[in-house]
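Structural description and commentary
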Amino acid sequence: MPLGKFPTFFLLVALAAASAAIFGALHNQLSYSVGPEYFEGVKFPQFGIPETTAPRMGAAQVGVLASWWMGALVGLPAFLYGLFTVPNARSYLAAGIGAIGLVLVLATFAALAGLVGGIAAVTTGILDDVLTLPQGIDRADFLRAGFMHDASYVAGGLGALLAFWPMRRARAIDLARA
């Protein structure tokens, strides 16, 4: 039995939150690899991760806690738009899943671009005069991991706009079929 549009809306918000949480956990595995001191000196204390937690597990926990809400927030405007404009619930669901995928791909590429930017900042020292780093944190770790995280959040914001595209497309296709 197919879902109606209102249950589909709530399903999409839950899928977006879950997808963002998984993305955050996986993202932090890479960012922990390039900046462990960033986590140990900044993120673990910020998120209350006990010192007895295995570092990779702690990085995954930080990723989940820092990201799940972003998925729901990023998807919400496009999902609301689709709820009221896409005529068919099945098309609405497909467009919502497409929007989630689009944002995940964008965030992945942004994280990698952030890593490249962090490496460039470490190598060139271009930001050394304008950034104040936390005491006791390795500069390279902070810049590499920090740039990755910041770039992912920027991509999420851009993704909130781009997520409208699959919804608008689904609406146009449904209206053309009618």
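Notes on the structure in this doc start here. (Residues numbered from 1 in each chain as written. Predicted model: local features only at pLDDT ≥ 70, side-chain atom pairs only at ≥ 80, totals over all residues. Heavy atoms only, no water.)

1. Thoughts on the overall build of the protein chain
Applied cut-off: Numbering goes from the N terminus for both helices and strands, where a helix is a DSSP run of H or I of at least four residues and a strand is a run of E of at least two. Remark: exposure states derive from per-residue accessible area (1.4 Å probe, protein chains only) relative to the maximum for the residue type, with buried under 20%, exposed over 50%, and partly exposed in between. Only heavy atoms matter for contacts: two residues are in contact if any of them lie within 4.5 Å across the pair. Only the protein chains shown count as cover for residues, and all accessible areas are computed by the Shrake-Rupley method using a 1.4 Å probe. For the purpose of charge, His is not counted, nor are the chain termini; Lys and Arg are scored as positive and Asp and Glu as negative. One atom stands in for each charge, and that atom is NZ of Lys, CZ of Arg, CG of Asp or CD of Glu.
The secondary structure content of the protein chain amounts to six helices and zero strands. Once the C-alpha set of the protein chain is aligned to its principal axes, its extents read approximately 60 × 35 × 20 Å. When the 178 residues of the protein chain are sorted by exposure, 42% land in the buried category. Considering only intrachain contacts with a sequence separation of at least 6, the fraction spanning at least 24 residues in the protein chain is 79%. When the accessible area of the protein chain is evaluated, it comes to approximately 9600 Å², of which 70% is carbon and sulfur surface. For the protein chain, the distance from the average site of its 10 positive side-chain charges to the average site of its 9 negative ones is 24 Å.

2. A short note on the nonpolar core
Just so we agree on the cut-off: Here, nonpolar core refers to any group of buried Ala, Val, Leu, Ile, Met, Phe, Trp, Tyr and Cys residues whose side-chain atoms link them within 4.5 Å.
Core analysis: the biggest nonpolar cluster contains 21 residues, and F9, F79, Y92 and M167 have the highest contact counts within it. Among the elements that line this core, the one with the most residues is helix α3 (residues 55–85), at six residues. Every residue in contact with F79, bar those within four places of it in the chain, is listed here: F9, L12, V13, A16, Y92, G96, I100 and M167. Judged by nonpolar contacts, the second largest core, of eight residues, contains Y38, F39, V62 and A145.

3. Brief notes about the side chain of S152
For S152, the position within the fold is in helix α5 (residues 139–162). In this structure S152 comes out as buried when scored by relative accessible area, which is 12%. Not counting the four nearest positions on each side in its chain, S152 is found in contact with F23, H27, A107, A110 and A111.

4. Notes on the side chain of D141
By secondary structure assignment, the location of D141 is in helix α5. In this structure, D141 is in contact with V34, G35, P36, E37, Y38 and G146, ignoring residues within four places of it in sequence.

5. Topic: the layout of surface pockets
Put simply, the test is: Points on a 1 Å grid, built from protein atoms alone, make a cavity when a 1.4 Å probe fits but cannot get out and make a pocket when they are open with protein on both sides within 12 Å along at least 5 of 7 lines; residues with an atom within 4 Å of a point are the lining residues. Grid points are joined across faces, edges and corners, and a volume is the space filled by probe spheres set on the points. Note that Gly is not counted as nonpolar here; it falls among the polar residues with everything else outside the nonpolar set of Ala, Val, Leu, Ile, Met, Phe, Trp, Tyr, Cys and Pro and the charged set of Asp, Glu, Lys and Arg.
Here the largest pocket defines a volume of roughly 440 Å³. Taken together, 31 residues line the largest pocket, and the ones lying closest to its centre are A20, F23, S67, M70 and Y153. If you list the elements that add at least two residues to the lining of the largest pocket, you get α1 (5–34), α2 (36–46), α3, α4 (89–124) and α5. A total of eleven residues in the lining of the largest pocket trace back to one element, the largest contributor, which is α3. Tallied by class, residues from the lining of the largest pocket come to 18 nonpolar, twelve polar and one charged.

6. Comments concerning the pattern of salt bridges
Spelled out, the test is: Salt-bridge detection follows one rule: a side-chain nitrogen of Lys or Arg within 4 Å of a carboxyl oxygen of Asp or Glu.
Scanning the model with the defined rule gives two salt bridges in all. In this structure, R139 and D128 form a salt bridge, with 3.0 Å as the shortest nitrogen-oxygen distance. Residue R139 is located in helix α5, and its partner D128 is located in the loop between α4 and α5; the two are separated by eleven residues in the primary sequence.

Take it as geometry only, folks, not as evidence of what the structure does.
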